[in-house]
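As a plain string of letters, each chain reads:
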Amino acid sequence: MKLVSAFLAGLIFGIGLIAAGMANPAKVLGFLDLAGRWDPSLALVMAGAIAVALPAFAVARRRERALLGEAMQLPAARSVDRRLLLGSLVFGAGWGLAGVCPGPALVLAGSGLPSGLLFLAAMLAGMWVYRVSAR
């Protein structure tokens, strides 16, 4: 049941990314281009995602177990530290340069697009560099 629910959640998430235009780097770069022809439509997507997530997290905070019986795993850190700031800067720079973030990159790679496969390879390399350097 856990595999089926994980598959369905990923499928719904991927379809949502495609429908919202988040898997289209040109659309994302248009959203990030505040000084040029700014496309605010992805702000509405983000607002919608926040509107769905806030009540879900409020319910999750009050639970000890997830719906499938696993222990609830929510972030414990509440402070902004150097690691968070640096990670945010690297994420934002990559998002701005490529127009793709990890979720849509998986959608693009799964569809076999060379740009998605290249981004996925770069993302995995970055994760490896972090793992090696964080020891």
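My aim in this report is to walk through the structure given alongside it, one point at a time. (Residues numbered from 1 in each chain as written. Predicted model: local features only at pLDDT ≥ 70, side-chain atom pairs only at ≥ 80, totals over all residues. Heavy atoms only, no water.)

## Considering the overall build of the chain
To keep things clear, this is the line we draw: Counting from the N terminus, the helices are the DSSP runs of H or I reaching at least four residues and the strands are the DSSP runs of E reaching at least two. Throughout, a contact is declared for two residues whenever any of their heavy atoms are within 4.5 Å. His residues and chain termini do not enter the charge count, which takes Lys and Arg as positive and Asp and Glu as negative. By convention, charge coordinates are those of NZ in Lys, CZ in Arg, CG in Asp, or CD in Glu.
What the chain contains, in helices and strands, is 6 helices and 0 strands. For the chain, the α and β elements follow one another from N to C terminus as α-α-α-α-α-α. At a minimum sequence separation of 6, the contacts of the chain that also span at least 24 residues come to 37%. In the chain, 12 positive and 5 negative side-chain charges are present, and the distance between their average locations comes to 5 Å.

## Re the packing of aromatic side chains
Put simply, the rule reads: Pairing of aromatic side chains requires ring centres within 6.5 Å, counting the rings of Phe and Tyr and the six-membered ring of Trp. Pairs whose planes differ by under 30 degrees are stacked, by over 60 edge-to-face, and all others tilted. Partly exposed residues are those whose accessible area sits between 20% and 50% of the maximum for their type, while under 20% is buried and over 50% is exposed, using a 1.4 Å probe and protein chains only.
Applying the stated criterion to the full structure yields 3 aromatic pairs. An angle of 35° between the planes, with centres 6.3 Å apart, marks the rings of F31 and W38 as tilted. Residue W38 is classed as partly exposed on the basis of its relative accessible area, which comes to 40%. Residues F91 and W95 carry aromatic rings whose centres are separated by 6.3 Å and whose planes lie at 35° to one another, so their mutual orientation is tilted. One end of the pair, F91, and the other, W95, are both in helix 4 (residues 82–98), 4 residues apart, so they sit about a helical turn from each other. On the basis of relative accessibility, which here comes to 41%, the residue F91 falls in the partly exposed class. Of the aromatic side chains, those joined through ring pairs into one cluster are F31, W38, F91 and W95.

## Describing helix 2 (residues 25–32)
Under the convention used in this document: Comment: arc refers to directions from the helix axis out to C-beta atoms. A 3.5 Å cut-off defines polar contacts: any pair of N or O atoms within that distance qualifies, except that in protein one atom must be a possible hydrogen donor and the other a possible acceptor, and neighbouring residues in sequence count only when both atoms are side-chain atoms.
Among the residues of helix 2, V28, G30 and F31 are the ones counted as buried. The arc that holds the buried residues of helix 2, viewed along the axis, is 155°, so those residues lie on one side. Where helix 2 is buried, its residues meet helix 3 (41–61) and helix 4. Capping the start of helix 2 is the job of one residue whose side-chain oxygen sits 3.0 Å from the backbone nitrogen of A26: N24.

## A closer look at the environment of F57
In this fold, F57 is placed in helix 3. Sequence spacing of F57 and G21 is 36 residues, and the spatial spacing of their C-alpha atoms is 25 Å.

## A few points about the packing of helix 5 (residues 102–110) against helix 6 (residues 114–133)
For clarity, the cut-off: Every axis corresponds to a line fitted to the C-alpha atoms, with the helix fit spanning only the stretch in contact, and the corresponding angles, defined between N-to-C directions, vary from 0 to 180 degrees. Here the word oblique covers every angle except those under 35 degrees (roughly parallel), over 145 (roughly antiparallel) and from 65 to 115 (roughly perpendicular). Each crossing is labelled by how the near helix is turned from the far one, with a counterclockwise turn of less than a right angle marking it left-handed and a clockwise turn marking it right-handed. Asp, Glu, Lys and Arg are counted as charged, while Ala, Val, Leu, Ile, Met, Phe, Trp, Tyr, Cys and Pro are counted as nonpolar; the rest, among them Gly, fall into the polar class.
Between helix 5 and helix 6, the least distance of the axes is 7 Å, while the angle of their chain directions is 130°. Here helix 5 lies oblique to helix 6, going by the angle between them. For the pair helix 5 and helix 6, the crossing hand works out as left-handed. Touching P102, A105, L106, L108 and A109 of helix 5 are G116, L117, F119, L120 and M123, all from helix 6. Partitioning the contact of helix 5 with helix 6 into residue classes produces 9 nonpolar, 1 polar and no charged.

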